[in-house]
Amino acid sequence: MRVDIVSIFPEYFAPLDLSLIGKARANGTLRLAVHDLRTWTHDVHRTVDDTPYGGGPGMVMRPEPWGEALDALAPGELSPDGHTLPRLIVPSPAGVPFTQALAHELAAESHLLFACGRYEGIDQRVLDHAATRMPVTEVSLGDYVLFGGEVAVLVILEAVTRLLPGVLGNAGSLDEESHAHGLLEAPLYTKPATWRGLDVPEVLRSGDHGRIARWRRDEALLRTAGRRPDMIGALAPETLDKRDRAT
Ligand code: ADE
């Protein structure tokens, strides 16, 4: 997958050399480039912002540098299959919620282009113009406001990269983890069997795979009901068995 990131703070992305994302970059699974938006300014102050039309607090990012950045990184027009151009992702508290389902959708793209807004946001015309020639999705991490899109891109990219083929050593862990089946994952334990007087649940040491699977499913249901009742409400009834209902 090819990924381009445009930001006025390219230094934010130094951690992308580390750990499994760094490895995915080193082996070519992830071809990532970070670009400084100010490359596409032409005044001595390398200005990227201005006051908002209509008044109000803060500053808005001017359209010109963004327009040039997107022209440079996504040249051309929308092709019939839509595949020669990247999908533009703009982190914003006004975006659609970022979910594991959206992470899967993005992991299937061949080229993602992230535009990191700062201040109050980017002039709307940048997004409207980009949308005439490539898919554009504004994405929110949650119902809170960050200083800018940089940290959101780190989060989105980490969730997406671990879904790329070959990135996780054990692809089975993708199937077990929280959100994989619309439920939170059951608690995890490792050795020693007793630590500070606390025992690992007996069932997990029983070797009885049927009982273990049932215990994990029950714990996942109870945990999800307690912490995320919204997720229980969203479960498709046909995915529940009789024992689930008893839980
Ligand atoms: N930029 C500022 N706040 C944000 C949020 N909650 N999600 C994504 N991008 C943001």
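Residue numbering note: each chain is counted from 1, following its sequence as written. Side-chain atom pairs in this predicted model are given and counted only at pLDDT of 80 or more, local residue features only at pLDDT of at least 70, and totals for whole chains, interfaces and linings cover all residues.

A.B. asks: Can you help me understand the nonpolar core in this one?
C.D. replies: Within soluble globular proteins, side chains that are nonpolar tend to cluster in buried spots. Membership of the largest hydrophobic core comes to 40 residues, with the highest contact counts inside it found for Phe114, Ala115 and Ile156. Numbering of helices and strands runs from the N terminus, with a helix taken as a DSSP run of H or I at least four residues long and a strand as a DSSP run of E at least two residues long. Elements with a contribution of two residues or more to this core: strand 1 (2–7), helix 1 (19–26), strand 4 (60–61), helix 2 (63–73), strand 5 (87–97), strand 6 (111–115), helix 4 (124–130) and helix 5 (150–161). When residues in this core are grouped by element, the largest group, 5 residues, is from helix 5. Not counting residues within four places of it along the chain, the set of residues in contact with alanine 115 comprises Val6, Trp66, Leu88, Val90 and Ile122. By our criterion, buried Ala, Val, Leu, Ile, Met, Phe, Trp, Tyr and Cys residues that link up through C-beta atoms within 7 Å make up a nonpolar core. Exposure classification rests on a simple neighbour count of other C-beta atoms within 10 Å of a residue's own: a residue reaching 20 or more is buried, one at 12 or fewer is exposed, and one in between is partly exposed. C-beta atoms are placed from the backbone. Here contacts are defined at the residue level, using C-beta atoms placed from the backbone and a cut-off of 7 Å between them.

A.B. asks: Even after reading the chapter, I still don't get the pairing of strand 5, so can you show me in this structure?
C.D. replies: Pairing analysis gives 3 bridges linking strand 5 to strand 6, with the strands arranged parallel. Residue pairing in the sheet places arginine 87 in a bridge with leucine 112 of strand 6. Both strand 5 and strand 7 (residues 136–140) contribute to a ladder of 6 bridges, which runs parallel. Bridge assignment links isoleucine 89 to a residue of strand 7, and that residue is threonine 137. Paired strands, as defined in this entry, are two strands with at least two bridges between them according to DSSP.

A.B. asks: Teacher, can you tell me more about the UniProt feature "binding site: S-adenosyl-L-methionine" (unreviewed entry) in the protein here?
C.D. replies: UniProt positions are given in the numbering used here, feature names are shortened, and annotations may be inferred rather than shown by experiment. Per the UniProt record, the feature "binding site: S-adenosyl-L-methionine" (unreviewed entry) sits at Gly117, Leu141, Gly142, Asp143, Tyr144, Val145 and Leu146. Along the chain, the position of leucine 146 falls in the loop between strand 7 and helix 5. Residue classification places leucine 146 among the partly exposed residues on the basis of 17 C-beta atoms within 10 Å. When near neighbours in sequence (up to four residues on either side) are disregarded, leucine 146 contacts Val151 and Ala152.

A.B. asks: I keep staring at the domain arrangement of the protein and nothing clicks. Help me out?
C.D. replies: Quoted interface sizes are often the accessible area lost when the parts come together. Domain limits in this description derive from either an automatic procedure or a database domain assignment. What the domain assignment reports for the protein is domain 1 (2–161) and domain 2 (178–246). The C-alpha-based centres of domain 1 and domain 2 are spaced at 37 Å.

A.B. asks: How do you make sense of the sheet that holds strand 5 when you look at a structure like this?
C.D. replies: Adjacent strands of a sheet pair through backbone hydrogen bonds, lying either parallel or antiparallel. Spatially, 5 strands are ordered 2-1-6-5-7 in an open sheet, and the strand pairing comes out parallel. Of all the strands in the sheet, the pair left with one neighbour each is strand 2 (31–36) and strand 7. Shown here is a sheet whose adjacent strand axes are inclined to one another by a mean of 30 degrees, direction ignored. Axis definition: a line fitted to C-alpha atoms, over the contacting stretch in the case of helices. Angles run 0 to 180 degrees between N-to-C directions.

A.B. asks: Explain the pairing of strand 6 here, please?
C.D. replies: Two faces make up the sheet, and in a regular strand the side chains alternate between them. Of all 5 residues that make up strand 6, 4 are buried, and the element is covered over most of its length. In this structure, strand 1 lies alongside strand 6, joined through 5 bridges in parallel fashion. Residue pairing across strands places isoleucine 5 opposite phenylalanine 114, the latter belonging to strand 6.

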